[in-house]
Structures are given as C-alpha cells and as structure tokens.
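# Understanding the architecture of this molecule
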Amino acid sequence: MKQGSYKHSKAGIILRFLLILGAVFSLFALDVFKGSVDIPLERVLRILFSPAEWLSETGGLTLEQSGQRDIILLFRLPRAVTALLAGMGLALSGLFMQTLFRNPLAGPSVLGINAGANLGVALVVLVMGGAAGGFVATLPFGMKALVTGAAVFGAGAVLGVVLLVSRFIGSVTLLLLVGLMFGYLANSLVTLMIHFSAAGRVQAYLQWTFGSFGATIWNDIYILLPVIGVAIFLGILLIKPLNALLLGEEYARSMGVALIRVRMIVIVVGALLAGVVTAFCGPVTFVGVAVPHLARGIFRTADHRTIVPASLLLGGATALTADIVSHLPGQGGILPLNSVTALLGVPVVVWVLIRSRAGRSFI
Amino acid sequence: MKLIDARSIHTGYRHGFRGSVTISKHISASIFSGEVVGLIGPNGCGKSTLLRSLSGLQSVLDGKVYIGETEISHMSPLERARKISVVLTERVHAGHLKADTIVSLGRYPHTRLSGGMTAHDRYVVEHSFSAVGAESLRYRTIDELSDGELQKVMVARALAQEPQIIMMDEPTAFLDVTRKVELMDLLETIARTQGTAVLVSSHDLELLMRISSRVWLMDESGRLHKGTPQDGEFKSLIRNVFRIPAHYVSF
Amino acid sequence: MLVEVCELLKKVVVGSSFLLLTVGSLQPLTALSVEYAEGFSIEERSGVTLLNIHPREFENYNSITYALVEQDKHQGIAADELRERLSIESNESELQIIRIPIKKLIPLSTTFLPPLLMLGIDDVLSGIDNLDYIYSQKLRSIIDKRDIPQVGNGPSLDMEQIVQLQSAVVMANSTQGEWNVVPKLKDASIPVVLNGDYLETSPLGRAEWIKFIGLLCGKGKEAEKHFKSIATRYTELRQMVQTELSENTERPQVLMNRPMNGRWVVPGGEGYMAQFIEDAGGDYLWSSDSHSSSLVLDVETVFIKALHADVWLHQYGSTSLQELSQADQRLLKLKAFQTKKVINNDARTTEAGSNDFYESGPYQPDLILADLISLFHPSLLSGHSLHYYRFLE
C-alpha cells in the first residue's frame, strides 16, 4: 500500500479513538443519570454542576431533594468512577498478560492472582467471624476493611511467589503453568471451605463472587484511583518494551530489552491492577481477557502505542455498559455483574474477532 | 577495526542447579569491521550456540567476549543492542504488525523512553528499507508477506539498529533458491557499502563461500577452524568435516 | 322392687364406668391441631398420630408422614402394612414409622433444643451438632455434665458416633445438597425426622413446632399447653397494640439490615420479621411486598427509603455505630443513625458467635414482640427491658 493509504488509516485510527472516547463519556453519563431510583434529568444536572448543591446541608433542601443529591453524589458517581477505573485496570492487566505470555487466552486471572484474592476473602468470610447457627445469613461487618485487606494480601502473596519463581525459571510458558496451578490450588481450597461452611456464610461469599462496582465509597476510590493511575503510567512506559516483546523474547533482548526486569515490572503492574480491582469490586471476569482482543480487532494492529490507550478506553466502556445493564431491572432489582459482562461481551468479541480474521495470529 | 574478540571461551548451557553442558571449548576468534564471516558446520555441532554467545543472547561458561574494549557481560542490553543486532531463523509471529512498525522497532536502543521517533530515526528506517530493497513492503502487514519478504524486513530491522555487526543464524533456511541468492547478495552489499560486519551461519555452503571474506568451520566436536574461501587446504578440511566426496562440490 | 332398681343402677354405673375407663384409657394421643404453622399438620387414625410435614421449600421431599406408633402397638410392622391398616391412601406422601416416645434424640439444629428444656425432656438429648452453636448456659452445662457428644452436621456428620448411640433418632432441618443428611442416615438404618420450623413465615407458626417435638417425645399435651400460653401472650400483646394505636397514631417506619457489595438485602413483606414488625405497630418499609423470602435490592433503592426510617433493625453482625460508620460513611445520613435508634438482635450472644435470638427466640415470639413494641411505642410497655435486642452505641 502506498503512503496515501497509511495516512488514511491514521485518520481512521483517530476517528475510532474519538468514537470510543465519545462512547465512554456517554456511558459514564448514562450510568450516573440512570439508576434504580428515578431522578429527573435536570435535577441530576443541577446536583452535578452546582456547588450550592454540594455544600448545602439538609436545611436548604427538602428531604427528598437531599436524598436525591446523596444518591447521585454518594452512590452513582462513585459507582460510575469505580466502573471506569476497574474497567481500565482490568483491560490493561489483561493486555499485559497476553503480551507477556504470548497467549490470547491470558487475562488478569492467569497468574492465579485473582484466585489468591478469592482465597483471602473466602478465608475471612467463610472461616473466620465465629461460628454461626446453621441458617444465620449475615456477615460480621467490622470486616469490610478486613475483606478488602484479605483480597489484597491474598493477591500479593501469590504474586510474590510467582515473582520469585520467575526469577529462576527462564521460560515464560512454565511461568504461565505455575500461575495456573496456583489458581487451581487456591480455588480448590476455596471450594473446600465452601463445602464445610453453613449455608448463610456461603450465601455471603457467593454474593461477593458476583462482582459489583457499587461496593465502593469515595474513601475507597481515593485508594483505587492513585493505584490505577500509577499502573497506567507504568503501562505507558512499558509500551516500548512490550512492542519489542511482540517479536519474541530473543529478538526483544537483542534489541536492548532488559528482559527479566521488564518481565517483573509487567507482572507486578498486571497483578497490582488485578488485585486491587478484585479487592474493591470482587472478581470481575471477562473484561481483562476480552477487551484487548476487542481493541486489536477494532484497530487492526498489535502496536501497543495504539492498543494500550485503546484497551484502557474500551475497558472503561465495557465496564460502564455492564454496570448500566446490571441496574436495568425495575424496582431495585440487580443483576450479577459477572453474568452481564459475559452475556453482553461475548457476542461482541466474537463478532469483532471474526471480522478481523484474527485466526492466523492474535498479535 | 576489531569489533568482537572472543578469548578462549567455552560455550554451552547452564541447567539451573544441575550444572552445565559444554558444547565448545577454548574458542578464540575475532570479527573485524566490513567483513563477512561465514560460519559453517554440520547440524548440532554448536554453531547456534556460538552465535548466541557472541551476540549476548547467551552467556559463556568460561572465558570472555569483548565488544571493542568492553566485556560483553558488563554491558547493559541497550549498549549491546547498539553494537550488535541479530536475525534468527524462525518466522516471527506478529501478523497484525506492519513491516514499518517492525523495522522501526529496530530503533529501540536509540529512541527515548517514550518510543517517539525523531527525524533521524525515520530517516534510518527509510534507508534500511531501501538498503534491502523492500520499499514496496513498507506498509504491508506481516501475515501478508512471504518468507523471503519477511526475512528482508527482519534484515532491515537489524540494519535500523545501526549496529557495528549483524549476526544471522541460518537466515536463508526457509527460503527458496532465488530468495537465498538475493539475501546473501544483500549481506555482501551491506558489508561492503555500510562497513557493517556480518556473521552469518548457513548450510548453503556454496553461496556462503561466495560472499564470505573469512570462514569459520566448526566440526562435530565443537572445535573451530578458521580459514578463507580461497585456501585449498581449508577447502579440503571442509569437505572432510562434511564428508563430501571431492567430485560433488565446485569449491 | 327397690333392690332390683339398685342392682340395675349398680350395673349401669359399673358398666358405664367400665366403658368410660376403657374409652378413657384409649387416651387418643392427641386432640391436637395446628393453627398457625403451615409446614406440618396433625392427624389421628386408630390411635396412631400422623405427623405430616410439607414445608414449601424442602427440596427432594414433597411431604412426609411420620406415623407415631407407641412401642407396644403394631409390633414389627412395615410402613406399607401400617398404611393399609390405617387406610391411608398412598399419595406422594412418604410414610415413616417412628416409635414413640423417643428416648434418645439427636437434634442437629439449636432451635430444636429449647423445647426440650421447656417440656422437661432434656434427658432425651443424646447428641448435638456443635457446642459452639449453643447459647443456653443451662443446655451447655447439661451437655457438659452428661458428656453429650458433638456429631456435626451436613458433610461433616459423624456417622460412627451416631451409630454408637444406638437407637437414637436424628432430627435434621436441611435437605439441600451436601447438607441433606437423610440419605446417609437411611443407609445406616438410623431413623431421621425432618423439622422445618425455620421455613415458617409467621412468628406463631414457628413457635407451634413445639408441638411437633412434643408429640415425638411423648409430651404432646404439655407442648400444647406451652404453645397455648405463648400464643395467648402474643395475641394479647398484638391486641393491645391494635387497640392502643388509633388511626392517627404514627407508626414508626422500620428499616432492616445493611448494605453489602453494592446490594442491600431486606426481608420480604410477608416474611417472619415483617410480621413481627407489623404486629408490634411498626411500619415496615417493604410491607407492601408480597414475598416471604428476602429481597436483593440495589443500595440506592433502599437508601432513599432508609433516609427517613425511624427505627433501624439489624440482624447479627453489626457491633457498634462506629463500626457502621467506618464500614460505610453514607449510613451516617440516615435519620435512624442520627437519632441513634439503631438496634441489633445480638444482646444475647456468646463469644463463639451463637445468638439466642435464633435459639430460644422462635419459642418466645412474645418476648421478641414485646421488645419490638417497646422500641416502636415505648409508652405502651414502659416497664419492659429489652431481652433480645440492644441499642447500638
């Protein structure tokens, strides 16, 4: 193809980015405007954009009005922000894992990190918290922070082991297998715990496994945001070596990539993203694996200069969409997030993959 | 100018905690700028291992490899990449990448952290494409290229690294005759016109002898014999090592 | 003439007393009936009490009929034969013969224990699930003194211990998956009785299962007496509330439970707690809902209603106001939080985590009701001190 068509496809890239960016904005807005409680649009806008609303105590507003303000500012906005951040984080993590392991099936959970987080939470929910009568359903709550901490710790522990192993094992495929094995181990331990737990606790744990962007409050976001921000920044720095890695590890090294160091940074960043999102939102499946493929399919390239920002945006869009859909049922009903992500996402990804003839190589 | 100096190196593999396997012992060799060194030998004798050891892809079990004045293990991957680039045998699996992107990757050791390309970088990339005669392939994606075209692109990438020496491990293995000749010719031209040294291993003896200024022959025990394509004794040594009857070959 | 009349009278008297005695000695085991509970019913045929259980949610079992046969009657009979003898149609109901009174009982749920104390038959207690689950100090010391073994439940049920206890009857409550112990007990020929008390949605319905346990242990009449007094007390309290509260009295709006993972699970409008709240003169925020099981709702939906709730009831788990506010600061905005009308049902708990609300609570619905009345309308029960509930601080 000639110079001209290159320019053309460059414009094509920009156009696609603009469209996706537009989608992200719209979805974010939709997530905030629409929820299970009906609030008129102009009221939402006034709440979002007039400082008077933010600052006034209940005195200035009716009970209903201040209730609406609380819903928007304290429930919907954090939920939308969390969805956006989580989507971005998971997509980036999945992308890293796919490039590092040269495996299209890789995702944030491939190193067993998520399973580690699951294990931590299961330990807290199912085993600790004292014995309960057979059918007592609720979870002792002083533990919300404990649950989050346990998830991070569990993810971190598995990460530590994987890193240690990666220093000594040269082959990346072996690393993948080790991570997979850890995942199985952690999951089987969880199943064991479920087996011996009373129905009520299992319910509580199950609820957690459905995943949710609505479990966070602003304080949580003050942690989530910087972590994901730093990870994204590092991710951008990694674009160059990740591109080199596309040619394979040997070529990458011959071009100057410090392989062991890069590998470790990629693993740490990828795991950090997966762990922190899981800690605050529960295990969210599908986004990490599917979004990078979506990005590659839409932009027809594996160049990380394009795919990293594309994955970030598409990840955010996907998560926001899933969040919106899971709140669609009327009367406050709510669909499990993980079901929604897969149900919506799979057809889209399959369609994109088929169109882009990704059969030959996914990179 | 002496680019690479291997001083009594032992090549081989380390197996983690279980010790190591030595392929070759006491190899001393050098490569000078502008020359084409052909590396030949029967399968499995250790050519690849030697090449990888000299390029830094593998560490040596004993002895030292010097790039200029510096020992190779004291160099960072980036420093090494500015001196040596490689072309390997297997086809790269990066189907969705454009040839241009791949050759631009060759600028890796020279570009800033952000990966942004300066005008000079872009010039080098363009020049690399024309040096290998692959201008028309520039905006094609890899999965659209034939093996021969792809190898040209990989050579262009190796050139874009602006190395002092390019090392190639059986680059013509999967190419048809025309492409083999083309590629070998190209290597000779590059060495001649750019002053870049080329170390190339191959089983295409006749083509290699034609373009090499010096030849390294590795025998089954991993010993390295050095000579020139013109040297008659050396040629009979080659025939012995490969067990080729005299009347089979033209050299 | 007089002598003949006297003789006749004597015969009549003797004859009728004899008749009365024999009729009396037949002593139908029960004239009991079930008024409130929907999960079981009592029937009597030819001197055999039939306990029919049919709780709506028992998986695997549509209904079971327990034929309570005294030790000396219908010796060595098989279920099908008995079915014929008593002319019971063979419908879907499975028939099991239980020899009564049960001498050794292994109740696998702590709610089966208080009736044993109340009916004075704690000597039949031969095994329990786990000591940690039990609140009652009295029960714990009985268990300790008599060295009663812990046999676990569900997948960890200790079959060997149970077999060793020889001719004990197990009382179980779950039929789901691995927690269904009936098949393995049947395999070992150990009699097992299913008790569906926790599936009842009405407070009195749940308490009425004391009759179930009573009948099995030969204390049917005592059980009925106990239940009658429980029901009377409960109904009296409920009547009082209804009469004292006029049309205009405000009923406090009542919120339940707390959010978790972006969802807020609340009891359904026709459920156990909802009925308590209504009977106590409260206005449960979801009283118009028609489910008896819990509702899983989005936090938002609940929050907007929760803002103006007057009383906030928790169930287990919440320890203090500070803990609540740390878990989720938004809860600070709730009116109930600000007026400190936040209550939890864990006033009586042990360190191991057992909660008396779920142990003796089901058989003292009147106490629960009294607690709630004094929370919603303190003036109505000014002398009452909270039994199961406490204010969170």
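The shown structure was predicted, so the numbers you read here are calculated from the model rather than taken from an experiment.

Here we take up the overall build of chain C. Counting its secondary structure elements, chain C contains 15 helices and 15 strands. Each principal axis of the C-alpha atoms in chain C carries an extent, and together these give about 90 × 60 × 45 Å. In chain C, which comprises 393 residues, the share counted as buried stands at 46%. Contacts spanning at least 24 positions in sequence make up 62% of the contacts within chain C whose residues lie at least 6 apart.

So, on to the overall build of chain A. Looking only at helices and strands, chain A has 15 helices and 0 strands in total. Out of the 363 residues in chain A, the part that is buried amounts to 53%. Sequence separation of 24 or more characterises 80% of the internal contacts of chain A that already satisfy a separation of 6 or more.

On to the sheet that holds strand β10 (residues 263–266) of chain C. Sheets are built from strands that pair by backbone hydrogen bonding, the pairs being arranged parallel or antiparallel. All names here are of chain C. Ordered in space as β9-β10-β12, the 3 strands form an open sheet in which the pairing is antiparallel. The open sheet has two edge strands, β9 (259–260) and β12 (295–298), and neither has a second partner. Lying on the sheet, helix α11 (residues 299–306) is in contact with β9, β10 and β12; it crosses β12 at an angle near 85°.

Here the focus is the packing of helix α13 (residues 287–299) of chain A against helix α14 (residues 304–326) of chain A. Packed helices, taken two at a time, are described by the angle their axes make and the gap between the axes. Residues and elements named next belong to chain A. Contact pair α13 / α14: the axes reach a minimum separation of 8 Å and the direction vectors enclose 125°. As the angle between them shows, α13 and α14 are arranged oblique. Where α13 crosses over α14, the handedness of that crossing is right-handed. Touching V287, V291, P292, L294, A295, R296, I298 and F299 of α13 are T306, I307, A310, S311, L314, G315, T318 and A319, all from α14.

In this structure, L273 of chain A, A156, L187 and L199 of chain B together with V170 of chain C are the most contacted members of the largest nonpolar core, which totals 287 residues. If you tally residues by element for this core, the top one is helix α4 (residues 63–101) of chain A, at 16 residues.

All names here are of chain A. Following both chains from N to C, one finds α4 and helix α12 (residues 259–281) inclined at 145°, their axes separated by 9 Å at the closest point. Between α4 and α12 the crossing geometry is left-handed. Where α4 approaches α12, its residues T82, A86, G89, L90, L92, S93, F96, M97 and L100 are matched on the opposing element by R263, V266, V269, G270, L273, A274, V277, F280 and C281.

Highest in contacts among the 2 pairs of chains that touch are chains A and C. Separated in space, chain B and chain C share no contact, their closest pair of C-alpha atoms being 40 Å apart.

Taken together, the contact pairs 36 residues of chain A with 43 residues of chain C. At the level of elements, α4 and α8 (199–209) of chain A are the ones that each hand at least two residues to the side of chain A that touches chain C. A total of 6 residues in the side of chain A that touches chain C trace back to one element, the largest contributor, which is α4 of chain A. Grouping the amino acids of the side of chain A that touches chain C by side-chain chemistry returns 19 nonpolar, 15 polar and 2 charged.

Attention now goes to the interface of chain B and chain A. On the side of chain A, 29 residues touch chain B, which itself brings 27 residues to the contact. Tallied by class, the residues present in the side of chain B that touches chain A amount to 14 nonpolar, 10 polar and 3 charged.

Glancing now at the environment of L95 of chain A. All names here are of chain A. Examined against the element boundaries, L95 turns out to sit in helix α4. Each C-alpha atom of the pair L95 and A290 lies 9.2 Å from the other, and the pair is 195 residues apart in sequence. The contacts of L95, once residues within four sequence positions are left out, are P292, I307, V308 and S311.

Residues and elements named next belong to chain C. Where strand β1 (residues 40–45) and strand β2 (residues 48–53) come together, 6 bridges link them in antiparallel fashion. When the sheet's bridge partners are listed, R45 is paired in β2 with V48. What sits between the antiparallel neighbours β1 and β2 is a turn of 2 residues, in which S46 has the positive phi angle 45°. When β2 meets strand β3 (residues 64–70), the two strands line up antiparallel, connected through 5 bridges. Considered in β3, the bridge of I53 is made with I64.

A few words now on helix α15 (residues 337–355) of chain A. An α-helical segment advances 3.6 residues per turn. Residues three or four places apart therefore align on the same side. All names here are of chain A. Taking 1.5 Å as the rise per residue, α15 with 19 residues should run 27 Å; its terminal C-alpha atoms sit 27 Å apart, in good agreement. Most pronounced at G345, the bend in α15 amounts to some 35°, and the proline P347 follows within four residues. All of the buried residues in α15 are L337, N338, V340, T341 and G345. Those residues of α15 hidden inside the fold are in contact with α13 and α14.

So, on to unusual backbone geometry. A cis amide bond links I100 of chain C with the next residue in sequence, P101 of chain C, at an omega value of -5°. Here P101 of chain C is to be found in the loop between β4 (94–100) and β5 (105–107). Phi at E162 of chain B takes a positive value of approximately 50°, unusual for a residue other than glycine. Here E162 of chain B shows up in the loop between α5 (147–160) and β7 (165–169). In this structure, N261 of chain C takes a positive phi of about 55° despite not being glycine. Position of N261 of chain C among the secondary structure elements: in the loop between β9 and β10. What makes N261 of chain C buried here is the crowd of 23 C-beta atoms within 10 Å.

Here we come to the environment of V21 of chain B. Residue and element names in this part refer to chain B. Position of V21 relative to the elements: it lies in strand β2 (residues 20–32). You can call V21 exposed: it has 11 C-beta atoms within 10 Å. The spatial distance from the C-alpha of V21 to the C-alpha of T11 is 8.6 Å, given a sequence separation of 10 residues. In this structure V21 touches G12, Y13 and H15, once residues within four positions along its chain are discounted.

Glancing now at α11 of chain C. By the criterion of burial, α11 of chain C is predominantly enclosed, with 7 of the 8 residues buried. If you check which residues of α11 of chain C are buried, you get V299, E300, T301, V302, F303, I304 and A306 of chain C.

What follows deals with the sheet that holds strand β13 (residues 311–314) of chain C. All names here are of chain C. Ordered by their spatial adjacency, 5 strands build an open sheet running β11-β8-β13-β14-β15, and the pairing between neighbours is mixed. Two strands bound the open sheet, and with one partner strand each, they are β11 (283–284) and β15 (390–391). In this structure, strand β8 (residues 253–256) lies alongside β13, joined through 3 bridges in parallel fashion. Its bridge partner lying in β13, L255 is registered against W312.

On to the pairing of β3 of chain C, then. All names here are of chain C. Summarising burial for β3: 5 of the 7 residues are buried, a large majority. Both β3 and β4 contribute to a ladder of 7 bridges, which runs parallel. Residue pairing across strands places E70 opposite I100, the latter belonging to β4.

The next point concerns the confidence of the model for chain A. All names here are of chain A. Residues with a pLDDT of 70 or more make up 87% of chain A, whose mean pLDDT is 82. Within chain A, α14 carries the highest mean pLDDT (94), whereas helix α3 (residues 51–55) carries the lowest (70). Of the regions scoring below 50 in pLDDT, residues 1–5 engages in 4 contacts with residues more than four places distant in sequence or in other chains. For residues 129–142, every residue scores under 50 in pLDDT, and the model assigns this stretch 49 contacts once sequence neighbours within four places are set aside.

This part takes up the confidence of the model for chain C. Low pLDDT marks regions whose predicted coordinates should not be analysed in detail. Residue and element names in this part refer to chain C. Per-chain confidence: chain C averages 86 in pLDDT, with 94% of residues scoring 70 or above. Below pLDDT 50 for its whole length, residues 24–30 participates in 11 contacts with residues either more than four positions away or in separate chains. Taken over the whole predicted complex, pTM reads 0.83, whereas the ipTM for its chain interfaces reads 0.91.

What counts and how
Residue positions are given per chain, counted from 1 along the sequence in the order it is written. Starting at A for chains and at 1 for ligands, labels are handed out in the order in which the entities are written. Restriction of local features to residues with pLDDT of at least 70 applies here, the model being predicted, together with a cutoff of 80 or more for giving and counting side-chain atom pairs; totals for whole chains, interfaces and linings are based on all residues. Secondary structure elements follow DSSP: runs of H or I no shorter than four residues count as helices, runs of E no shorter than two count as strands, and numbering proceeds from the N terminus. In this scheme the burial state of a residue depends on its C-beta neighbours within 10 Å: 20 or more other such atoms mean buried, 12 or fewer mean exposed, and anything in between means partly exposed; the C-beta positions come from the backbone. By the convention adopted here, residues are in contact when the distance between their C-beta atoms, placed from the backbone, does not exceed 7 Å. Any two strands between which DSSP finds at least two bridges are classified as paired. Axes, fitted as lines to C-alpha atoms, cover a helix only where it is in contact. Angles between the N-to-C directions of the axes lie from 0 to 180 degrees. Under this scheme an angle from 65 to 115 degrees is roughly perpendicular, one under 35 degrees roughly parallel, and one over 145 degrees roughly antiparallel; angles in between are oblique. A crossing counts as left-handed when the near helix is turned anticlockwise from the far one by less than a right angle, and as right-handed when that turn is clockwise. Put simply, a nonpolar core is buried Ala, Val, Leu, Ile, Met, Phe, Trp, Tyr and Cys residues tied into one set by C-beta atoms within 7 Å. Polar here means any residue outside two lists: the nonpolar Ala, Val, Leu, Ile, Met, Phe, Trp, Tyr, Cys and Pro, and the charged Asp, Glu, Lys and Arg; Gly therefore counts as polar. What a helix is expected to span follows from its residue count: subtract one and scale by 1.5 Å. Here the bend at a residue means the angle between the axes of two seven-residue stretches, the one that ends at it and the one that starts at it. A score between 0 and 100, pLDDT records how confident the predictor is in each residue.

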